[in-house]
Amino acid sequence: MPINTDPTTEFSEIQSKLQKDIQEIEQWWSSPRWNSTKRNYTAKDIALRRGTFPPLEYPSTVMSKKLYGVLTKHHENKTVAQTFGAMDPVQVTQMAKYLDTIYISGWQCSSTASTSNEPGPDLADYPMDTVPNKVDHLFKAQQFHDRKQWEERASVSSVEELAAKGPATDYLTPIIADADAGHGGLTAVYKLTKMFIERGAAGIHMEDQTSTNKKCGHMAGRCVIPVQEHINRLITIRMCADVMNSELIIVARSDSEAATLISSTIDTRDHYFIVGATNPNLEESLAETLNNAIAKGASGDQLSSIEKQWNEKAGLKLFHEAFADEVNNTSTLSESDKKSIINKFNSKVGPLTETSHREASKLAIELIGHEIYFNWELPRVRDGLYRYRGGTQCAIMRARAFAPYADLVWMESNYPDYEQAVEFAEGVRAKFPNQWLAYNLSPSFNWQSAMSVDEQYTFIDRLGKLGYIWQFITLAGLHTTALAINNFAKDFAKDGMKAYAQNVQQREMDCGVDVLKHQKWSGAEYIDGILKLAQGGVSATAAMGEGVTEDQFKSKL
Ligand SMILES: C[C@](O)(C(=O)O)[C@H](CC(=O)O)C(=O)O
Ligand SMILES: [Mg+2]
């Protein structure tokens, strides 16, 4: 239907709504919540994109605000929100009794919850609604169990009756979910963020890998995107959240510590870490060499060994290494001259100086009087990607660049190394002293060989003191399920009902696991109440009426 107002009236109505919206957004952005958030767009840019529907507060926004409060407290107290990846409603309800956040892992979703139902490794090649769908699944469960509990506790008529129920559980535990590498370009990042907000996520994390080659952070062959490209993703997430009036928590993850590839050399901040060939006598690039070999029928292992030979011949180095080698090989220089020239170079060109290759080459010429052969085009892999040598300092450089656009930063690491965690935390906090940090306590690490039992016991707390206020065992939901089912299936096959009665049911009773009474846990009484209400107070079809087998557990729990 056309809106029948004359242009003069419409213009003034639009202008006054726009001004009002702009003012509201500016007011919102002036809150302390945004003290360390950088936006490179205006309130008007957001107001223009909000439409005319009355402003909504998504449930996700309620959860984001709650998460912000939880994390703020941990930051102030130097404590930790520690959690793990949840897979289903049973897990979130049990976790809620002890933990204050919930993680939803892309890895776990990839293997167990793809919306295409096709399982697979953690390559984020599942449909992009997979993780948001899991958020929806678990957030609905959280809300249901919250309503169920509320009804039960609000219906009592005395303090004694309430006390007899024991402590209440906060089922509305904020969810932080895995947004992988954005599942495409910036428009995909925008749509993905919107989905997460609509489905109830309090926070999301996004990593700086290419979305096309995305790998689990504990797999080889990881390729990062240029620094600015990832900043643009983070800006897009915040922009989407702003349009949706959401306070979504953003976790910026960097996979650069162990990255070996980068998609482009366009960002000068990455130049220090880009690997080049230093042998001026190479006849062909790596890609030409491999293509020629393929044309002649080489394959598999043969190609790997041709690539290895090429790499050895190429003299692959970072530019500062090439410079130091050149200086050290200059026989006319004394040892102390060599040292001083290298130090001069390194004081201007370091992992955190963000010096461009052009500037570094110019400095090299100034210091030694000639150009150094260094070519990062020749070693490009056949997919066109450049060689990159990340590391902790690289992750620090990136985390510093991402920090103004995110609430937490996270360096994906290959090993649970406390000293490395110190280096990262100090590196980031040297520039952003109050920066919130996240840490992946991954089951991909061999915790037994990594540290002693005593160190395992204190690891989370020690990292907490460094500023890692959100820590998570990414895949503990999956592993605990695997272990429990393995053990039970084995015992059951051997011992029949004794295995269930003793190892499950009796243990549930001993540990006070509410799922023991699974009908009640599932909300049968709550739903009966709704049924009775609909039928005027009585119902012959009430599920929990006389005859329900759960009466056998009356005195338990
Ligand atoms: C956190 C992660 O992205 C996930 O999907 O859970 C994985 C899991 C892991 O290997 O611990 C990752 O780190 O890439
Ligand atoms: Mg993941």
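Given the structure is predicted, the values throughout are model-derived calculations rather than measurements. All residue numbers refer to positions counted from 1 along the written sequence of the respective chain. Chain letters start at A and ligand numbers start at 1, both assigned in the order the entries are written. Owing to the predicted nature of the model, reporting of local features is limited to residues with pLDDT of at least 70; listing and counting of side-chain atom pairs is limited to 80 or more, with chain, interface and lining totals taken over all residues. Water and hydrogen atoms play no part in the side-chain values, which are based on all heavy atoms of the structure.

Caption draft 1: Highlighting the sheet that holds strand β10 (residues 386-387). A pair of strands is labelled paired if DSSP reports no fewer than 2 bridges between them. Where helices and strands are cited, they refer to DSSP runs of H or I of at least four residues and of E of at least two residues respectively, numbered from the N terminus. On the basis of which strands lie adjacent, the open sheet formed by three strands has the order β5-β7-β10 and mixed pairing. Looking at the sheet topology across the chains shown, the edges are occupied by β5 (223-224) and β10.

Caption draft 2: A look at the pairing of strand β13 (residues 468-473). Only protein chains enter the accessibility calculation, which uses a 1.4 Å probe. A residue is then buried if its area is under 20% of the maximum for its type, exposed if over 50%, and partly exposed in between. Counting buried positions over the six residues of β13 gives five, a clear majority of the element. Across four bridges, the pairing between strand β1 (residues 81-84) and β13 is parallel. Of the residues in β13, the one forming a bridge with A81 is W470. Alignment of strand β12 (residues 436-440) against β13, held across four bridges, turns out to be parallel. Along β13, the bridge assignment pairs Y439 with Q471.

Caption draft 3: Geometry of the pairing of strand β11 (residues 408-411). Both faces of β11 are covered, namely the face carrying L408 and W410 and the face carrying V409 and M411. The pairing of strand β6 (residues 249-254) with β11 spans four bridges and is parallel. For A252, the partnering residue across the bridge sits in β11 and is V409. When the strands point away from the viewer and the connection leading from the first strand across the helix to the second strand turns clockwise, the crossover is called right-handed. For the crossover from β11 across helix α16 (residues 418-431) to β12, the handedness is right-handed.

Caption draft 4: Examining the packing of aromatic side chains more closely. Here the aromatic set is Phe, Tyr and Trp, taking the six-membered ring for Trp, and pairing holds for ring centres within 6.5 Å; pairs whose planes are under 30 degrees apart are stacked, those over 60 apart are edge-to-face, and all others are tilted. A complete count under the given rule lists 20 aromatic pairs for this structure. An angle of 70 degrees between the planes, with centres 5.8 Å apart, marks the rings of Y439 and F459 as edge-to-face. You can see Y439 sitting in strand β12 and its partner F459 sitting in helix α18 (residues 453-466), a full 20 residues away along the chain. Here Y439 matches F459 in class, with each residue buried. Here the aromatic rings of W447 and F459 are separated by 5.5 Å at their centres, their planes lie at 75 degrees, and the arrangement is edge-to-face.

Caption draft 5: Structural context of the pattern of salt bridges. The salt bridge criterion pairs a side-chain nitrogen of Lys or Arg with a carboxyl oxygen of Asp or Glu, the two atoms within 4 Å. In total, this model carries 27 salt bridges according to the counting rule given. When the shortest N-O distance is used, the salt bridge between K214 and D180 registers 3.4 Å. Taken as a pair, K214 in the loop between β4 (203-207) and β5 and D180 in the loop between β3 (175-178) and α8 (186-199) lie far apart in primary sequence, 34 residues in all. The same class applies to K214 as to D180, namely buried. Notably, a salt bridge pairs R238 with D407, separated by 3.1 Å at the nearest N-O pair. With R238 in helix α9 (residues 227-243) and D407 in the loop between α15 (392-402) and β11, this residue pair connects regions lying 169 residues apart in the sequence. Assigned by exposure class, R238 and D407 land together as buried. What emerges from the salt-bridge pattern is a single network uniting D180, E207, K214, R222, R253, D255 and E412.

Caption draft 6: Quick peek at unusual backbone geometry. A positive phi is found at K78, a non-glycine position, where the angle reads about 55 degrees. Following the sequence through the fold, K78 ends up in the loop between α3 (59-77) and β1. Taking relative accessible area as the criterion, K78 reaches 44% and is therefore assigned partly exposed. In this structure, N117 takes a positive phi of about 65 degrees despite not being glycine. Within the element layout of this structure, N117 appears in the loop between α5 (106-112) and α6 (130-154).

Caption draft 7: Highlighting the environment of V156. Topologically, V156 is positioned in the loop between α6 and α7 (159-164). Along the backbone, V156 and W28 are 128 residues apart, and their C-alpha atoms lie at a distance of 40 Å. The criterion used for residue contact is that any of the two residues' heavy atoms lie within 4.5 Å. In contact with V156, other than residues within four places in its own chain, are E161, L162 and K165.

Caption draft 8: Geometry of the packing of helix α12 (residues 319-328) against helix α14 (residues 357-368). To define axes, lines are fitted to C-alpha atoms, for helices over the stretch in contact only, and angles between the resulting N-to-C directions are given on a 0 to 180 degree scale. Direction vectors running N to C along α12 and α14 enclose 10 degrees, while the axes themselves pass 11 Å from each other. By the criterion of interaxial angle, the relationship of α12 to α14 is roughly parallel. Judged by residue contacts, F319, F323, E326 and V327 of α12 engage H357, A360, S361, A364, L367 and I368 from α14. Considered class by class, the residues forming the contact of α12 with α14 number seven nonpolar, two polar and one charged. Relative orientations are named as follows: roughly parallel for angles under 35 degrees, roughly antiparallel for angles over 145 degrees, roughly perpendicular for angles from 65 to 115 degrees, and oblique for any other angle. Residue polarity is assigned by list, with Asp, Glu, Lys and Arg as charged and Ala, Val, Leu, Ile, Met, Phe, Trp, Tyr, Cys and Pro as nonpolar; anything else, Gly included, falls into the polar class.

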